[in-house]
Amino acid sequence: MATSGGDKIDEAGEEIRRRRKHGMLKLYYGMEESNKDNQDSNPIDINGAQFNPQVYLSRLMKEKRLNELIDRESDMVKQIRSLDSDMQTLVYENYNKFISATDTIRKMKNDFKKMEDEMDRLATNMDAITEFSAGISNTLQERRQQISTLSGVHSLLKKLQFLFELPARLKKCIEMKAYGQAVRYYAKTRTVLNQYQHMPSFHGIQQDCSDIVTELRSKLREQFRDKESTPKQLAECVDLLLQLKEPADELCDEFLARAQEKLDEDLSEMSDQVDPAKAIEVSTPIEEMVESSDKKEERPSEKYMRNMPMDILEFIHKGCTNFLGNICLVIASYKELFVNSKTHSDPQEQDQLKEVAHAKLAEFVKSRMEQYFSCVEQRIQAEKESVENSMLVRALDRFHRRLQAVDDLLPKLNIIARGTEIVANAARERSLFYLEGLKNHFIECTTDVRQKLCTPHLIGKQETSNLMDMLSMMSSSIVEQMKIVLANLQGFTSADLTFANTAYFQGTFCVHDVREVVVVGFLEYLFKASCDLCERSGEKGSAPAAIILLLSRLHMDFSNSTINQIVTTADKQFSLDPRCKVTPAADLSTKAKKTAQKLLNQYVQIQGLQISQMLRKSVETRDWLNTIEPRNVRAVMKRVVEDVTAIDTQVGHLYEEGVRKAHSSDSSRRAFSLSSARQQQQRMQRPSANIDNSLMSNIQKLFSERIEIFSAVEFSKVSVLTGIVKISLKTLLECVRLRTFGRYGLQQMQVDTHYLDMYLWRFVSDENLVHFLLDEIIGSTIHRCLDPILMEPSVIEVICERG
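Rules used throughout
Residues numbered from 1 in each chain as written. Predicted model: local features only at pLDDT ≥ 70, side-chain atom pairs only at ≥ 80, totals over all residues. Heavy atoms only, no water. Helix = DSSP H or I, 4+ residues; strand = E, 2+ residues; numbered from the N terminus. Buried < 20%, exposed > 50% of the residue type's maximum accessible area, 1.4 Å probe, protein only. Contact = heavy atoms within 4.5 Å. Areas by Shrake-Rupley, 256 points an atom, 1.4 Å probe, with all protein chains shown as cover. Axes fitted to C-alpha atoms, helices over the stretch in contact; angles between N-to-C directions. Parallel < 35°, antiparallel > 145°, perpendicular 65-115°, else oblique. Left-handed = near helix turned anticlockwise from the far one by under 90°. Nonpolar A, V, L, I, M, F, W, Y, C, P; charged D, E, K, R; others polar. Core = buried A, V, L, I, M, F, W, Y, C linked by side-chain atoms within 4.5 Å. Patch = residues over 30% accessible without salt bridge, like charges linked within 9 Å, V, L, I, M, F, W, Y side chains within 5 Å. Salt bridge = Lys/Arg side-chain N within 4 Å of Asp/Glu carboxyl O. Phe/Tyr/Trp six-rings, centres within 6.5 Å; stacked < 30°, edge-to-face > 60°. Lys NZ or Arg CZ within 6 Å of the ring centre and 35° of its normal. Expected span 1.5 Å × (residues − 1). Lys, Arg positive; Asp, Glu negative; His and termini not counted. Charge placed at Lys NZ, Arg CZ, Asp CG, Glu CD. Disulfide = S-S within 2.5 Å. 1 Å grid on protein atoms, 1.4 Å probe; cavity = no way out; pocket = protein on both sides within 12 Å on 5 of 7 lines; lining within 4 Å. Points joined across faces, edges and corners; volume = space filled by probe spheres on them. Polar contact = N/O pair within 3.5 Å; in protein donor to acceptor, adjacent residues only side chain to side chain. pLDDT = per-residue confidence, 0-100.

**Q** I keep staring at the overall build of the chain and nothing clicks. Help me out?
**A** For the chain, the count of helices and strands is 27 helices and zero strands. Sorting the 803 residues of the chain into buried and exposed places 37% on the buried side. Pairs at least 24 residues apart make up 80% of the contacts formed inside the chain by residues separated by at least 6 positions. Accessible surface, the chain as shown: approximately 47800 Å² in total, 52% of it carbon and sulfur.

**Q** Help me out: how do you make sense of the packing of helix α16 (residues 415-454) against helix α17 (residues 467-490) in this one?
**A** What describes two packed helices is the angle between their axes and the distance between those same axes. The N-to-C vectors of α16 and α17 enclose an angle of 165°; their axes lie 11 Å apart at closest approach. The orientation of α16 with respect to α17, classified from their angle, is roughly antiparallel. Taken as a pair, α16 and α17 cross one another with a handedness that is right-handed. Contacts between α16 and α17 pair Ser431, Tyr434, Leu438, His441, Phe442, Cys445, Thr446, Val449, Lys452 and Leu453 from the former with Leu467, Met470, Met473, Met474, Ser477, Ile478, Gln481, Met482, Val485, Asn488 and Leu489 from the latter. Grouping the amino acids of the contact of α16 with α17 by side-chain chemistry returns 14 nonpolar, six polar and one charged.

**Q** Please explain the nonpolar core as it appears in this structure.
**A** General note: in soluble globular proteins, nonpolar side chains tend to be found buried as a group. One finds Phe255, Phe338, Met369, Tyr372 and Phe509 to be the most contacted residues of the largest nonpolar core, which totals 188 residues. In terms of residue count, helix α18 (residues 503-535) provides more of this core than any other element does, 17 residues in total. Non-local contacts of phenylalanine 255, meaning those with residues more than four positions away in its chain, are made with Phe224, Leu234, Ala235, Val238, Val330, Ser333, Tyr334, Leu337 and Phe338.

**Q** Would you mind showing me how to read a nonpolar patch on the surface here?
**A** Together, Met108, Phe112, Met115, Met119, Leu122, Met126 and Ile129 make up a nonpolar patch on the protein surface, roughly 700 Å² of accessible area in all. Along the polypeptide, methionine 119 turns up in helix α5 (residues 95-140).

**Q** Sorry if this is basic, but what is going on with the packing of aromatic side chains here?
**A** To describe a pair of aromatic rings, you give the distance between the ring centres and the angle between the ring planes. Tallying each qualifying case throughout the model produces 17 aromatic pairs. For the pair phenylalanine 323 and tyrosine 372, a centre-to-centre distance of 4.9 Å together with 15° between the ring planes defines the contact as stacked. Taken together, the positions of phenylalanine 323 in helix α13 (residues 312-339) and tyrosine 372 in helix α14 (residues 347-382) put the pair 49 residues apart, joining distant regions of the chain. Looking at phenylalanine 323, the relative accessible area reads 0%, which means it is buried. Ring geometry for phenylalanine 433 and tyrosine 434: centres 5.6 Å apart, planes at 55°, overall tilted. Just as phenylalanine 433 is buried, tyrosine 434 falls in that class too. Above the face of the phenylalanine 315 ring, arginine 379 is positioned so that its terminal group lies 5.7 Å from the ring centre. Looking at arginine 553, its charged tip hangs above the ring of tyrosine 655, at a distance of 5.4 Å from the centre.

**Q** Help me out: how do you make sense of helix α10 (residues 248-272) in this one?
**A** Since one α-helical turn is 3.6 residues long, residues separated by three or four positions face the same way. In a regular helix each residue adds 1.5 Å, so 25 residues correspond to 36 Å; α10 covers 36 Å between its end C-alpha atoms and thus fits that length. Turning to α10, its buried residues are Ala248, Leu251, Cys252, Phe255, Leu256, Arg258, Ala259, Leu263, Asp266, Leu267 and Met270.

**Q** How should a negative patch on the surface be read in this particular structure?
**A** Taken together, the side chains of Glu116, Asp117, Glu118 and Asp120 make up a negatively charged region of the molecular surface. The residue aspartate 120 is located in helix α5 in this model.

**Q** Before we go on, may I ask you to explain the state of the cysteines in this structure?
**A** Two cysteines joined by a covalent bond between their sulfur atoms form a disulfide. Applying the stated rule across the entire model yields zero disulfides. Free of any disulfide, cysteine 510 has its nearest neighbouring cysteine sulfur in cysteine 580, separated by 9.0 Å. You can call cysteine 510 buried: its relative accessible area is 4%.

**Q** Help me understand the pattern of salt bridges in this model?
**A** For side chains bearing opposite charge, pairing can occur when the charged atoms are close. One pass over the full model with this rule turns up 26 salt bridges. In this structure, glutamate 629 engages arginine 631 in a salt bridge whose closest nitrogen and oxygen atoms are separated by 3.1 Å. The class of glutamate 629 is partly exposed, set by a relative accessible area of 34%. Residues joined by salt bridges that share partners form a network here, namely Lys730, Glu734, Arg737 and Glu776.

**Q** Before we go on, may I ask you to explain empty space enclosed by the protein in this structure?
**A** It is a probe the size of a water molecule, rolled over the atoms, that shows where empty space is left. Scanning the entire structure with this criterion turns up four cavities of 30 Å³ or more. Space inside the second largest cavity adds up to approximately 80 Å³. Lining the second largest cavity, in full, are Asp266, Glu269, Met270, Gln273, Met310, Phe315, Lys318, Gly319, Asn322 and Phe323. The residue makeup of the lining of the second largest cavity, split by class, is four nonpolar, three polar and three charged.

**Q** Please explain the packing of helix α21 (residues 635-652) against helix α24 (residues 717-736) as it appears in this structure.
**A** The geometry of α21 relative to α24 is characterised by a closest axis approach of 9 Å and an angle of 160° between their N-to-C directions. Comparing their axes, α24 and α21 come out roughly antiparallel. As for how α21 packs across α24, the hand of that crossing is right-handed. Together, Met637, Val644, Ile647, Asp648, Val651 and Gly652 of α21 and Lys717, Val720, Leu721, Ile724 and Leu732 of α24 make up the contact between the two elements.

**Q** What is the right way to read the side chain of threonine 420 from this model?
**A** Mapped onto the secondary structure, threonine 420 falls in helix α16. Under the relative-accessibility criterion, threonine 420 is labelled buried at 16%. Polar contacts involving the side chain of threonine 420 include one to the side chain of histidine 400, which spans 3.0 Å. With residues up to four places along the chain from it excluded, the contact list for threonine 420 reads His400 and Thr502.

**Q** Explain the confidence of the model for the chain here, please?
**A** Regions with low pLDDT should not have their predicted coordinates read in detail. Looking at the chain as a whole, its pLDDT mean stands at 78, while 80% of the residues score no less than 70. Highest mean pLDDT in the chain belongs to helix α20 (residues 585-620) (91); lowest belongs to helix α11 (residues 286-291) (38). For the stretch residues 458-464, pLDDT sits under 50, and the model shows two contacts to residues farther than four places along the chain or on other chains. Predicted confidence for residues 699-704 stays below pLDDT 50, and this span has four contacts to residues more than four positions away or in other chains.

**Q** Teacher, can you tell me more about the side chain of serine 716 here?
**A** Structurally, serine 716 is set in the loop between α23 (693-702) and α24. Those residues in contact with serine 716, other than ones at most four positions away along the chain, are Tyr655, Glu656, Glu657 and Gly658.

**Q** For this particular structure, what's the right way to read the environment of threonine 649?
**A** Following the sequence through the fold, threonine 649 ends up in helix α21. In sequence terms threonine 649 and lysine 717 are 68 residues apart; their C-alpha atoms lie 9.2 Å from each other.

**Q** Just checking my understanding: could you explain the environment of glutamate 629 for this structure?
**A** For glutamate 629, the position within the fold is in the loop between α20 and α21. In the structure, glutamate 629 is positioned 119 residues away from glutamine 748 in sequence and 7.5 Å away in space, judged by C-alpha atoms. Ignoring anything within four residues of it in the chain, the contact list for glutamate 629 reads Tyr744 and Gln747. Looking at glutamate 629, its side chain comes within polar contact range of the side chain of arginine 631, at 3.1 Å.

Here it is as structure tokens:
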């Protein structure tokens, strides 16, 4: 038992040593815990520095049972093995470092031995140098003051020699046109000459230098005024004149005046290219060509190409390269010479000069830029009729991008804001141009359809296209044109454009100029132009009925889907905020439907009035009292049936059939027509002393269903044909009421109405409506007949079937 206890103590001691080594490694790598002091004072903390194995073991023996002690021992064995493994791994991982550190320490020992020897030699040499220096100092101590004096005299003599040679040097520099070197020579000696000018020798030098500098000033002024001088040479001249104490105000004015000449040349060249319509005529009279045939002159084509106006992109590029490049150089040179330079030693005078110079520069640049902006605006206005949009957008982007450099040089003038305004105006004008283009395109589409409808077709040759094809072509053409316009206008909002991030193009352009002006404006024009066709109907040159029918269907399609499609496309392309106040698509669809309704109503009235006019003339031009016994159906009735049939085919191309009421059989319909006529005749022949026939007719109308002749038409073929038939038969009824009939006139009217009844019921929604109106016509004819004798129904049927 004691042996077992001793083994445990040896193991505990070994564990302590391992723990200490582990602790030293943790200390080396900075892994000590913050609560180290608290843990070290605990004797039973197996990880602490004050760990006491006896106390720890005795406590375990007291508190733990045998099974727990066995488990604890197993656990500790596992931990020990794990720590051993970690230690080995740590040693393996740092083995190379340990070897390298050992080699380094060994090498350092050798290097330090060599360094000690070199330091000893250095100390010996320093002692020798110190002794040698002390010997030299003692030897030269007596002559040091004399040597210093002689050195000062030598330096003074060199300066005097430079002063005596200064006039010659200045003349040589002027001859070599090294004006900068001459100014540097004079600026270096000016203070000395002014200080000692009272001495005769220096006065002569000062006088000669003044004369030479006066000549130098005149040379610099000549170069300054030379038109061939570059901006760099101008800046150099001004800099030299300022060093020669020339008045800064005068130089500012002269510098700007000189710069103005060059800028005015650029502006004049731009003005010549403002209007691209100014093409040079190259035609030459024959006499002049004969006279100048022997002279070597350029050909007309060469002359035209030389004078041909440039496009907008080249115009902007040339203006930016020449004018903006030169004015940026002028601004930078001016600021460097007059604003940022220190020509006065007094800070107050320097600030005053800086303020005056800056004010002059601002006024100069503002006036020149306004002229430049005016040229650009005129050129953009001349480009308004051009269809090429991408080139205009690229030109505006280059214009706006290059203006940024001028704005950076003079931010207080806010030049970029003026440039942005020009770009915005150009985009706005472009939107209005595209709006006019869409209007003209709609007019062209309408004209094309009208020409196709009016083009005569060969007899027996079927039409190559019906109204539905024309509608599809017209609708797709308008929608496609609007998509092209939106795509072109979207070019103004491209992310790679410098002006696309401005407030105008992020908001007003997308919401107002595109969404409201172009999209909504064109649709409003479409509605108004279509309604104007209705108001001009009946006038000379008015639109045919087929176009009005076609436009009604077009507006109906726009109301159902096309408007929503166009508006959605515009909103997506220009990323409109849903919170923006814009015209809702639902309102536009409602207007389109109202316009379609108005057009369809107008179509019914036009077709109804055309048929009514035929019926009215046929009634008014015939002598109904002396007419012969009817043997045929009148031709006008056949024409009415043919026209209604043609209208039915025409409307059927564009609209659905619609809802009809149940039709009665042919035999019952024919019996109803004949019996109604028979009842009218019996009513006329029945004796009545107290009741008038007209009164009986009016009483009968009270109990019949009221027919609305000019009621709203539904969007279906049956409804359209019903409206046209109602107008036609109502017109015939009113014309009959204004005439007086004989017996054969009444019988002719019987034949005509029976013929109409045989065919017109197929086109209306309710055949009873046709029966009622035809009965009204026969009844009105009987009331106005002097000899009301009806024709036999069998005879009427034979005549109508034969007709």
